[in-house]
Amino acid sequence: RGGAVGGVREAVVSTQSTGEHRKLGGDTSVDVPYHYLRFFEPDDDRLAEIKRDYESGALLSGEIKKILIDHLQAYVKEFQDRRANVTPELLDKFLSRHPMDI
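Throughout what follows, the structure given in this document is the object of discussion.

How each quantity is defined
- Residues numbered from 1 in each chain as written.
- Predicted model: local features only at pLDDT ≥ 70, side-chain atom pairs only at ≥ 80, totals over all residues.
- Heavy atoms only, no water.
- Helix = DSSP H or I, 4+ residues; strand = E, 2+ residues; numbered from the N terminus.
- Expected span 1.5 Å × (residues − 1).
- Buried < 20%, exposed > 50% of the residue type's maximum accessible area, 1.4 Å probe, protein only.
- Arc of directions from axis to C-beta.
- Contact = heavy atoms within 4.5 Å.
- Phe/Tyr/Trp six-rings, centres within 6.5 Å; stacked < 30°, edge-to-face > 60°.
- Lys NZ or Arg CZ within 6 Å of the ring centre and 35° of its normal.

Some points on helix H4 (residues 44-56)
Next, step 1: Between its first and last C-alpha atoms H4 spans 18 Å; for 13 residues at 1.5 Å apiece the expected length is 18 Å, and the two agree.
Next, step 2: Listed in full, the buried residues belonging to H4 are Leu 47, Ile 50 and Tyr 54. One side of H4 holds all its buried residues, which, seen down the axis, span an arc of 60 degrees. When the buried face of H4 is taken as reference, the exposed residues oriented beyond 90 degrees from it are Asp 44, Asp 45 and Arg 52.
Next, step 3: On the buried face of H4, the contacting elements are helix H2 (18-24), helix H3 (32-40) and helix H5 (61-84).

Structural notes on the packing of aromatic side chains
The relation between two aromatic rings is expressed through the spacing of the ring centres and the mutual angle of the planes.
Next, step 1: If you walk through the whole model with that rule in mind, you get 2 aromatic pairs.
Next, step 2: Between the aromatic rings of Phe 40 and Tyr 75, the centroid separation amounts to 5.2 Å while the plane-to-plane angle is 75 degrees, which identifies the pairing as edge-to-face. Taken together, the residues Phe 40 in helix H3 and Tyr 75 in helix H5 connect sequence positions 35 residues apart.
Next, step 3: Residue classification places Tyr 75 among the partly exposed positions, given a relative accessible area of 39%.
Next, step 4: Chaining the aromatic ring pairs together yields one cluster made of Phe 40, Tyr 75 and Phe 79.
Next, step 5: Over the face of the ring belonging to Phe 79 we find Arg 82, whose NZ or CZ atom lies 4.9 Å from the ring centre.

In structure tokens, the structure reads:
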């Protein structure tokens with residue numbers, strides 16, 4: 001799959017093995033999916049929990065990517081749903097010239 005989801009899945013976040021990550025934890029200061037989550041996760045408490053779990057090693061990079069992918073898919077779906085409601089008539093109305101009161 002391409003687009004944002006493909007980019008998230010391919011993002012390199014760590015060179016640690018799973019065992020090393022579980023033992024040492026992840027570094028959220030350089031983790032790209034975590035940085036995106038700072039914009040897409042609306043719940044500050046949940047974001048703090050994700051950060052704590054990732055840095056402790058309880059949450060792996062694949063799991064943090066999955067959380068981000070879920071947010072991105074919901075975000076993109078909103079655009080797709082709105083676009084599906086755009087009719088040619090609505091588009092013509094939007095793009096037509098309107099007088100401006102200056």
